[in-house]
Protein chains: 2
Amino acid sequence: MSVESRKSGSVTSFDVAHKAGVSRSAVSRAFTPGSSISEKTRSKIQKAAAELGYRVNLVARGLNKQRTDIVGVIVSALNTPYRAGQIDALTKQLVREGFRPMLLCVDEDKDVEQLLSILLNYQVSGVIITSDAPPNAICEECARMQVPLVLVHRTDQLPFVDRINGDDIKGGRMAAEALVKAGRQHLIAVRQEAPGFTGVVRIDAFLKRADELGVTSNTITISAVEYDGGVAAAPEVLNQLDVSPGVFCHSDLFALGLLDTLRNKHSIRIPEQMSVIGYDDIPQASWAFADLTTIRQSPNRFAQVTVDLLKHRIKYPESEPKNEIVDVTLVMRGSV
Amino acid sequence: MSVESRKSGSVTSFDVAHKAGVSRSAVSRAFTPGSSISEKTRSKIQKAAAELGYRVNLVARGLNKQRTDIVGVIVSALNTPYRAGQIDALTKQLVREGFRPMLLCVDEDKDVEQLLSILLNYQVSGVIITSDAPPNAICEECARMQVPLVLVHRTDQLPFVDRINGDDIKGGRMAAEALVKAGRQHLIAVRQEAPGFTGVVRIDAFLKRADELGVTSNTITISAVEYDGGVAAAPEVLNQLDVSPGVFCHSDLFALGLLDTLRNKHSIRIPEQMSVIGYDDIPQASWAFADLTTIRQSPNRFAQVTVDLLKHRIKYPESEPKNEIVDVTLVMRGSV
DNA sequence: GTGAAAGCGCTAACAC
DNA sequence: GTGTTAGCGCTTTCAC
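Just so it is clear, the model here is predicted, and its values are computed rather than measured.

Procedures and definitions
- Residues numbered from 1 in each chain as written.
- Chains lettered and ligands numbered in written order.
- Predicted model: local features only at pLDDT ≥ 70, side-chain atom pairs only at ≥ 80, totals over all residues.
- Heavy atoms only, no water.
- Near = heavy atom within 4 Å.
- Polar contact = N/O pair within 3.5 Å; in protein donor to acceptor, adjacent residues only side chain to side chain.
- Helix = DSSP H or I, 4+ residues; strand = E, 2+ residues; numbered from the N terminus.
- Nonpolar A, V, L, I, M, F, W, Y, C, P; charged D, E, K, R; others polar.
- Buried < 20%, exposed > 50% of the residue type's maximum accessible area, 1.4 Å probe, protein only.
- Contact = heavy atoms within 4.5 Å.
- Buried area = accessible area lost by both parts, 1.4 Å probe.
- Salt bridge = Lys/Arg side-chain N within 4 Å of Asp/Glu carboxyl O.
- Phe/Tyr/Trp six-rings, centres within 6.5 Å; stacked < 30°, edge-to-face > 60°.

## Quick notes on the protein's contact with DNA strand C
Alright, step 1. In the vicinity of DNA strand C, 26 residues are found, and the nearest of them are Asn64 of chain A together with Ser13, Arg24, Tyr54 and Arg61 of chain B.
Alright, step 2. Each atom of DNA strand C within 4 Å of the protein was classed as base or backbone; sugar and phosphate made up 62%.
Alright, step 3. Contacts to DNA strand C include Arg61 of chain B, whose side-chain N or O atom sits 2.4 Å from a phosphate oxygen.
Alright, step 4. Elements that contribute at least two residues to the surface near DNA strand C include exactly helix 2 (24-30) and helix 4 (58-65) of chain A together with helix 2 (24-30) and helix 4 (58-65) of chain B.
Alright, step 5. Classifying every residue of the surface near DNA strand C gives seven nonpolar, 14 polar and five charged.

Structural data, given as structure tokens:
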């Protein structure tokens, strides 16, 4: 006990070493998996540590190792069901793999750089970006700092950056096929205006497949986003009601806004008068009012692959940038 | 330039000091707001720093200061609309105030302690818990480590822990009043079984107010959660359809599950045959299919107060634990 | 397998 | 207002 009245709860490896009658290096080894130390001393140290309430100071370790296990996660629209599920899965997976997620939510493109700066200052092990903001400047900075960067749902083609996307081409094609199989002779694609987001890949694949299948199609482009985007698309869709179209939205939120408006504001019967299909399979898609057919992307699978990508690059910093594609599946419900 | 081929992007304050012809302390001061340094040297240093691509190493600073600006955020059910919005607002507010949120998502009570341990090891400035898990053990640990702890939406009464809640009593009362005002003579409260969550306060206030207003009431308790909980409550509510009840659910997700099932599976007309009112005002509550009257809790306001609480405790560690109550408002829509 | 010594990059007294 | 000196708590060669 002696002069143990150090400031607050700061029990250091020194204290443990003293109590266990060993050196500080020994204590360090005892808490470093895989280092050469005899089982006997290890348990002796662990016992002393437990009694003292010792916990290794990860900040000190980080300073020494030149790297913390913190992984920066930059996300936009966390407020949105798909993103929320994605971040939920991703952060859990990160923790499971020994990383600590530092979460930075962005509103606009503008803060992104500044936020990245914060992360870089923390000597993060890596950065994962799941946002709509074009992260070009960021990528360069990460590259310069040798910090691994993984882009989720981005189409940007950049050197030394790993990317992960759903199989948007397959998804778009499946959507067209499902609609045609349901008897629709004219297809409509509803998309949002924003540039550089993966939705356009889906839309393009959808339109191309429609063509292949010999049905006509047209596109509606909306500047509003999320549920409101679907609401905004309703008038134009109503104008084409005479052809009982099959409508594909680039996201469930869009589809839900559209479907909800058509059914509950305009008493359109779906799928009798037309079909609607979405993308993502968010929880709300299965709610009774919606019963939305959609293309499912598994957040858990995404999380797993994303973290694997990160681990791989940490281990092999110079390896070729990868571009992972995660499979998608059709979830048939009543709206088609 | 000389022997600047140090490992990777590790430009240190030493390098900057060298280049600017000053001492390392000067560099430190240049990057510490409010420290005494002349504008001239500051700008000189900043210029050199910019040219070198220097960024202060927050890990080293953290080690020295014995405290990082990291704030641990423990959350359950991030997947849920209300929580997602809350975390979105909270993390943004934290960043705005100079903190860095480390996000830990929990599934069950079990991991909570282990996760907290991680945070403590990172010398966090504080911990914010927004989860259903009873954090008693955690609180003690935080207290022992002198780490400020803020509990959001928890009723636990613990020493040296700050709490923040919505005005559940007012909310519950408002719900009863709105229903009675709409002409309902019998009220039903739908609640979830889980213990220690703030929903019971709302429910109790609701029932008490119903009593005061001279209307009868009964409670339905459900073991399922979220949307499914509302679905599960439907049969019992249907049994009481003859009294055209006013139904209050402790959360919007519950209310939405119930309302959606009643309207779309049983063709019940709401509000003609009965009223439904929820709690939280999640985005989905305003969707056309729902048009749900509800009690609104502002995530932004919550975030603001939560961070203020944290800042206050960091500044005055020994001050009396506070118990903040955030106002709620009635949002009238078509379901009542 | 274990201990001694030397830092990781920064800030905080303390002199000047 | 600025430089000097000591650490913050840990890991890590390097001897032994």
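Anyway, onward from the coordinates.
## Quick notes on unusual backbone geometry
Alright, step 1. The omega torsion of the bond from Ile270 of chain A to Pro271 of chain A falls at 15 degrees, within 30 degrees of zero and hence cis.
Alright, step 2. With respect to the helices, strands and loops of the structure, Pro271 of chain A is situated in the loop between helix 11 (252-266) and strand 9 (275-280).
Alright, step 3. The backbone phi angle of Gln123 of chain B is positive, close to 55 degrees, even though this residue is not glycine.
Alright, step 4. Tracing the backbone shows Gln123 of chain B in the loop between helix 6 (109-121) and strand 3 (126-130).
Alright, step 5. If you check the backbone angles, Glu226 of chain B has positive phi at about 55 degrees while not being a glycine.
Alright, step 6. With respect to the helices and strands, Glu226 of chain B occurs in helix 10 (residues 226-239).
Alright, step 7. Classification of Glu226 of chain B by relative accessible area gives partly exposed; the value is 36%.

## A few points about the protein's contact with DNA strand D
Alright, step 1. As a structural note, the neighbourhood of DNA strand D is formed by 27 residues, with Ser13, Arg24 and Arg61 of chain A together with Ser25 and Asn64 of chain B the closest of them.
Alright, step 2. In DNA strand D, the atoms that sit within 4 Å of the protein are 57% sugar and phosphate, with bases accounting for the remainder.
Alright, step 3. In this structure, a base oxygen belonging to DNA strand D sits 3.3 Å away from a side-chain N or O atom of Ser25 of chain A.
Alright, step 4. Between DNA strand D and Gln66 of chain B there is a distance of 3.0 Å, counted from a sugar or linking oxygen to a side-chain nitrogen or oxygen.
Alright, step 5. Secondary-structure elements contributing two or more residues to the surface near DNA strand D are helix 2 and helix 4 of chain A together with helix 2 and helix 4 of chain B.
Alright, step 6. The class makeup of the residues in the surface near DNA strand D is seven nonpolar, 15 polar and five charged.

## Things to note about the interface of chain B and chain A
Alright, step 1. Each side of the interface is counted separately: chain B has 53 residues, and chain A has 53 residues.
Alright, step 2. Buried surface at the junction of chain B and chain A, summed over both partners, amounts to about 5000 Å²; 64% is from carbon and sulfur atoms.
Alright, step 3. By the criterion of area lost to chain A, the three top residues of chain B are Arg55, Tyr122 and Trp287 of chain B, representing 15% of everything that side buries.
Alright, step 4. If you look at where chain B meets chain A, you find four salt bridges.
Alright, step 5. In this structure, the salt-bridge partner of Glu141 of chain A is Arg55 of chain B, at a minimum N-O distance of 2.4 Å.
Alright, step 6. On the surface where chain B and chain A come into contact, there are 18 residue pairs in polar contact (both at pLDDT 80 or more).
Alright, step 7. Listing elements by their share of the side of chain B that touches chain A, those giving two or more residues are helix 4, helix 5 (81-96), strand 2 (100-106), helix 6, helix 7 (136-145) and helix 11 (252-266) of chain B.
Alright, step 8. Per-element tally for the side of chain B that touches chain A: the top contributor is helix 5 of chain B, with eight residues.
Alright, step 9. Along the lines of polarity and charge, the residues of the side of chain B that touches chain A split into 28 nonpolar, 15 polar and 10 charged.

## What about the packing of aromatic side chains?
Alright, step 1. Applying the stated criterion across every chain, the model contains 11 aromatic pairs over all chains.
Alright, step 2. Ring centres 4.4 Å apart and planes at 10 degrees place the aromatic pair Tyr227 of chain A and Trp287 of chain B in the stacked group. Highlighted residues: Tyr227 of chain A in helix 10 (residues 226-239) and Trp287 of chain B in the loop between strand 9 (275-280) and strand 10 (293-296), drawn from two different chains.
Alright, step 3. Judged by relative accessible area, which is 10%, Tyr227 of chain A ranks as buried.
Alright, step 4. For Trp287 of chain B, a relative accessible area of 5% puts it in the buried group.
Alright, step 5. Between Phe248 of chain A and Tyr279 of chain A, the ring centres sit 6.2 Å apart and the planes meet at 55 degrees, which makes this aromatic pair tilted. Taken together, the positions of Phe248 of chain A in strand 8 (residues 246-249) and Tyr279 of chain A in strand 9 put the pair 31 residues apart, joining distant regions of the chain.

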